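Breakdown of the fold
Each chain, letter by letter, is given below.
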Amino acid sequence: MDTSTTLPCDGATGLDAEVLRQRLETLASSEGIRRWDLGASCSTDTSVQVDRGEPKQMKGAQRSAVTLRVWNEDGLVGITSTSDLSDAGLARALTGARDASAFGNVDEIPEFSPLATAPLPVLDQPLRPTLNILTLLETLKEAERDLLGRHAAIGTVPYNGLAQRSSERLYINSDGACRQQRLTTASIYLYARAEEAGRKPRSSGAVRLAYGAADLDVSGCVDEAAERTIAHLDYAPIRTGRYTCVFSPEAFLDLIGAFSSLFNARAVLDGVSLSRRESLGEPLAVPFLSIHDNGLHPANIGAAAFDGEGTPTRRLTLLEGGVLRNFLHSEATARAFGVAPTGHAGMGAKVSVGPDWFEIGPTPGSGGGASGLDRFAPGSAGEGQGLVVIDSLSALHAGVKASQGAFSLPFDGWLVQDGTVRSIEAATVAGDIRSLLKAIIGFEGPAKVTPDGVCPHVWVEGLSITGDA
Amino acid sequence: MVVSPPAVSGTAVFPQGSSRRTDSPAGLQDPAWRSVLEHLLAAGRSAGADLVEVFLERSDHLGLLAEQDAITSVSPSFGAGAGLRVFLGERDGFVSTNDLSPSGLRSALEQALGMLGLLLPVRTAASFEGLPELRDFATSKNGWLQECPTLAEATSRLLEGTDRLLSHGRHLQVRRGSYARDWQEVLVAASDGTFARDIRLHQSVGLNVLAADGDHRASLGRRYGTSDRPDDLRHWDPEVAAVDLCGSAATMLHADYVEAGQFPVVLANRFGGVIFHEACGHLLETTQLERGTTPFADMVGQPIAHEALTAIDEGLSDGAFGSLSMDDEGMEPQRTVLIENGVLRRFLSDRAGERRTGHPRTGSGRRQSHSFAAASRMRNTYIAAGPHTPEELIASVDRGLYCKSMGGGSVGPTGQFNFAVEEGYLIENGALTRPVKGATLIGDAKEVMPRISMCANDLELAAGFCGSVSGSIFVTVGQPHIKVDMITVGGR
């Protein structure tokens, strides 16, 4: 194979930024394109699934992808994406992007990020060796066997998987920016299904992430999946009404993630956020709630050092003392707001903006709402009230209307009443996110690290629960 | 401008002796692929695999977004790749790659074989007799991509749509139009003699609005999609779509939130069919049988639904989003009666499902792309028309909910399903009264199916997307108006 068709990406050696740059410069020059940038990624994956002691499916994948953005002679921007990193593929992507640029948005023209060459944060991300797929298989079979043995009612683990990935991504532009990051990650998930005679099936599970398959906390994942599944076996319907709810860290992070357009400058400019430009500095939640976006948190496995525009990732205060302090930005939205990009951009004809990893908890010095929880302390007036613990939320894609602030979501959880804890058969929780953020009465327990962020249990009063009773 | 057809990359496989080409207008139609595929299949069989399947794909996508009165995003993409699957007994190994070079494909095969403890042989034994004549379903489709609307035409149509919204809407804070065109060429070869090629074309166009008036907000959308009709965007009527959407937005803007409880519900036709898709359709896929997550295992021939209900899944309806000339395993789709007068008749099955569960294939092996192994998936799935008028269904309800427009939904491993209602109305004393919003319907498949007691005579289909084990695929849901005697309505 001659050099002109050598892929600048393969599973063994990863992306070659310099080869890509030289090719793009040559191709762009021949097409008369002077300004361009490019985001590329390359990965190799292996994964296994099992079914009652037998391998169900074993998968491998080699993927490459590039998104190329060009500025035409009128300064308008066009893009094209492709999985074809050959010369022919890049040439076609370049001309495709130039053709698309004729329809570029004159009202909002992206620029290179002013931070695309700023120093990057140093991340402690050890590169772990890839394990043989048969080793993955044995590990998962053992985990499944362990989980099935935890309770007679657990008959299958219908959703399970052990996967490992070696990946690389880069960002380069015609002004000389060059970002590159290599990463290895691994994950295991176990979702068990349990059924007792004459009763409905119940299901729950757990997930763990690590930098390598050998580092995964497999036994912790089995313990948590077993504990959660068994805890839902004894269930009963719940009466429809208003309840004080305790969100698990996972559930509250899911909810905040679904309404992250509150903090998203792109959504604000597009008119689909509940926040407005003038919302900065206004109270959005109870005064003891703080939310930061921190992709650099050491527990964030797979953290990106830079965003799709090459801007370094950083910790950003979103809510402090319940007051909205900052929005997430791309280059274009930051320019519109007169601030610096925050490292939350994707790459596209219209650049998307999104959060990385949330840190949610009490505002330092605020007391963290402890007085709210005192109402439920033993001997207090609220002691006899039923509490609903929301373990996990479902169907966020359908049940959240982010631009309206409304949610109506099925959930798995428990009713805590009169000293007993019983799983709830089937129910939904509904409300308005703005009302919810102002109805938080406190936090409970230490913050828990999850794949989506870190958060303690969050108590909220007065939410509508619909049940079957 | 006309977006050019995708080209096989410069690293594509060509037999030794042929000249290397960096651009092949013939794409997967090139007869040179035959010997490449035969070599791979023979090598896999010689290694000891029971069955080897190679899925080659080229794709070309265009996404457009119009906001208010401007085009804000033009997003073309193209690609190529292969998925190689090897079976040994009931086990299988699957490897996908973007590298279509000889060494890339051979390496992928070697990896897939290795997952099953098999080794690529040094020499290929005579264990594969070669591929039969190509079944080419795409002979009349090679020009489809060029027949699609140009970028200029498509952007112009979208702007017509957002302009029509402006004309007909009130309190509209956001007006959006979007268009997606997905072109895919596939070539499937397997050691059981499968050798087939097809071209698929899916186009969809949608309008969305966010209406706002003080604290009142309503966001709604309408989407229209077809398959295999290159000029369909030209037939889309933005005026009709805008009038319909703006009417709903005006109604829902000041609607109250629905009162929670358990009620009889009448679901409108078209996208109302999402209830059957989520509550039952997924549970009739052999992938669910394999997982042990369907309550309907071993119930073929037994009643699982009300006798008023007959349900069908097929890939044949002309132009429907879930229609196919062949599935992603090279099999022609069938019309599969799933439930007949309440009795379970058949499961949807793919190649792996047939090997693992014994249910014969139904032409339902589907995948998003070469990155996914095919799995049994729905195509055009709908409840058959019944004898009643929609008005009769509504008149039969004293107090309940009418769901005119549905959002998305999902089903979990215990058969618990849910879906959102975008536009609802109270039914009081047999008539529609106030609009209500914020409803989520939840239920258990086994309990709800017998409660679908009345079907109207106005069956219609609607385009949608379904995400599951083999990725996001184009599907159709559908039904006439139906009545569910009782279901839990989540609300405030």
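Bear in mind that the values here come from a model prediction, so they are computed numbers and not experimental data. (Residues numbered from 1 in each chain as written. Chains lettered and ligands numbered in written order. Predicted model: local features only at pLDDT ≥ 70, side-chain atom pairs only at ≥ 80, totals over all residues. Heavy atoms only, no water.)

**Details of empty space enclosed by the protein**
- This structure, assessed with the given rule, holds seven cavities of 30 Å³ or more.
- In terms of lining residues, the largest cavity is bounded by 22 residues, among which A:Lys401, A:Gln404, B:Val421, B:Lys437 and B:Gly438 are the most central.
- Every element with two or more residues in the lining of the largest cavity is listed here: helix H9 (396-399) and strand S17 (406-417) of chain A together with strand S7 (216-227), strand S17 (416-428) and strand S19 (439-444) of chain B.
- Sorting elements by how many residues they give to the lining of the largest cavity places S7(B) first, with four residues.
- When its residues are assigned to classes, the lining of the largest cavity shows eleven nonpolar, six polar and five charged. (1 Å grid on protein atoms, 1.4 Å probe; cavity = no way out; pocket = protein on both sides within 12 Å on 5 of 7 lines; lining within 4 Å. Points joined across faces, edges and corners; volume = space filled by probe spheres on them. Helix = DSSP H or I, 4+ residues; strand = E, 2+ residues; numbered from the N terminus. Nonpolar A, V, L, I, M, F, W, Y, C, P; charged D, E, K, R; others polar.)

**Notes on the layout of surface pockets**
Residues and elements named next belong to chain B.
- One number sums up the size of the second largest pocket: a volume of about 1100 Å³.
- The wall of the second largest pocket is formed by 49 residues, among which Gln368, Ser369, His370, Ser371 and Phe372 lie closest to the centre.
- Looking at the lining of the second largest pocket residue by residue, the classes come out as 14 nonpolar, 24 polar and eleven charged.

**Structural notes on the interface of chain B and chain A**
- Across the boundary between the two partners, chain B contributes 81 residues, which contact 72 residues of chain A.
- Between chain B and chain A, a total of about 6100 Å² is buried, with carbon and sulfur atoms accounting for 51% of that surface.
- If you sort the residues of chain B by the area they bury against chain A, B:Phe78, B:Arg291 and B:Arg492 come out on top, with a joint share of 13%.
- Here chain B and chain A share six salt bridges between them.
- Ionic pairing is found between B:Glu447 and A:Lys200, a salt bridge with its closest N-O pair at 2.9 Å.
- Linking chain B to chain A there are 36 residue pairs in polar contact (both at pLDDT 80 or more).
- With twelve residues, the top contributor of residues to the side of chain B that touches chain A is strand S2 (residues 70-88) of chain B.
- Residues of the side of chain B that touches chain A, tallied by class, amount to 28 nonpolar, 36 polar and 17 charged.
- Pairing of strand S5 (residues 77-82) of chain A with S2(B), which is carried by two bridges, proceeds in the parallel orientation. Bridge assignment links A:Ser81 to a residue of S2(B), and that residue is B:Ser77. (Contact = heavy atoms within 4.5 Å. Buried area = accessible area lost by both parts, 1.4 Å probe. Salt bridge = Lys/Arg side-chain N within 4 Å of Asp/Glu carboxyl O. Polar contact = N/O pair within 3.5 Å; in protein donor to acceptor, adjacent residues only side chain to side chain. Pairing = 2+ DSSP bridges.)

**Concerning the domain arrangement of chain A**
Residue and element names in this part refer to chain A.
- Once the domains are mapped, chain A shows domain 1 (3-231) and domain 2 (235-466).
- The gap between the C-alpha centroids of domain 1 and domain 2 is 26 Å.
- In total, about 3100 Å² of surface goes out of reach between domain 1 and domain 2, with carbon and sulfur atoms giving 57% of it.
- Between the two partners, domain 1 and domain 2, sit five salt bridges.
- Its salt-bridge partner being Lys200, residue Glu425 comes within 2.7 Å of it at the nearest N-O pair.
- Put simply, domain 1 and domain 2 have 17 residue pairs in polar contact (both at pLDDT 80 or more) between them.
- Put simply, the parts of the chain that give the side of domain 1 that touches domain 2 at least two residues each are strand S3 (35-51), strand S4 (54-71), strand S6 (154-173), strand S7 (178-194), strand S8 (202-210) and helix H4 (218-231).
- Broken down by element, the residue count for the side of domain 1 that touches domain 2 peaks at six residues, all from S8.
- Looking at side-chain class alone, the side of domain 1 that touches domain 2 contains 21 nonpolar, nine polar and eleven charged residues. (Domains from an automatic or database assignment.)

**Examining helix H2 (residues 102-115) of chain B**
- When the terminal C-alpha atoms of H2(B) are compared, their 20 Å separation across 14 residues agrees well with the 20 Å that a helix rising 1.5 Å per residue should span.
- Every buried residue of H2(B) is accounted for by B:Gly104, B:Leu105, B:Ala108, B:Leu109, B:Ala112, B:Leu113 and B:Met115.
- The elements touched by buried residues of H2(B) are S4 and helix H3 (133-148) of chain A together with helix H1 (32-46), strand S1 (51-67), S2 and strand S3 (91-97) of chain B. (Expected span 1.5 Å × (residues − 1). Buried < 20%, exposed > 50% of the residue type's maximum accessible area, 1.4 Å probe, protein only.)

**Remarks on the nonpolar core**
- One finds A:Leu147, A:Ile188, A:Leu190, B:Trp33, B:Leu37, B:Leu56 and B:Leu109 to be the most contacted residues of the largest nonpolar core, which totals 61 residues.
- Sort the elements by how many residues they give to this core and H1(B) lands first, with seven residues.
- Leaving out residues up to four positions away in the same chain, A:Leu190 has contacts with A:Leu140, A:Ala143, A:Leu147, A:Val157, A:Tyr159, A:Asn160, A:Ser204, A:Gly205, A:Ala206, A:Cys221, A:Val222 and A:Ala225.
- Among the nonpolar cores identified, the runner-up in size contains 53 residues, and A:Cys245, A:Leu318, A:Val388 and A:Leu437 belong to it. (Core = buried A, V, L, I, M, F, W, Y, C linked by side-chain atoms within 4.5 Å.)

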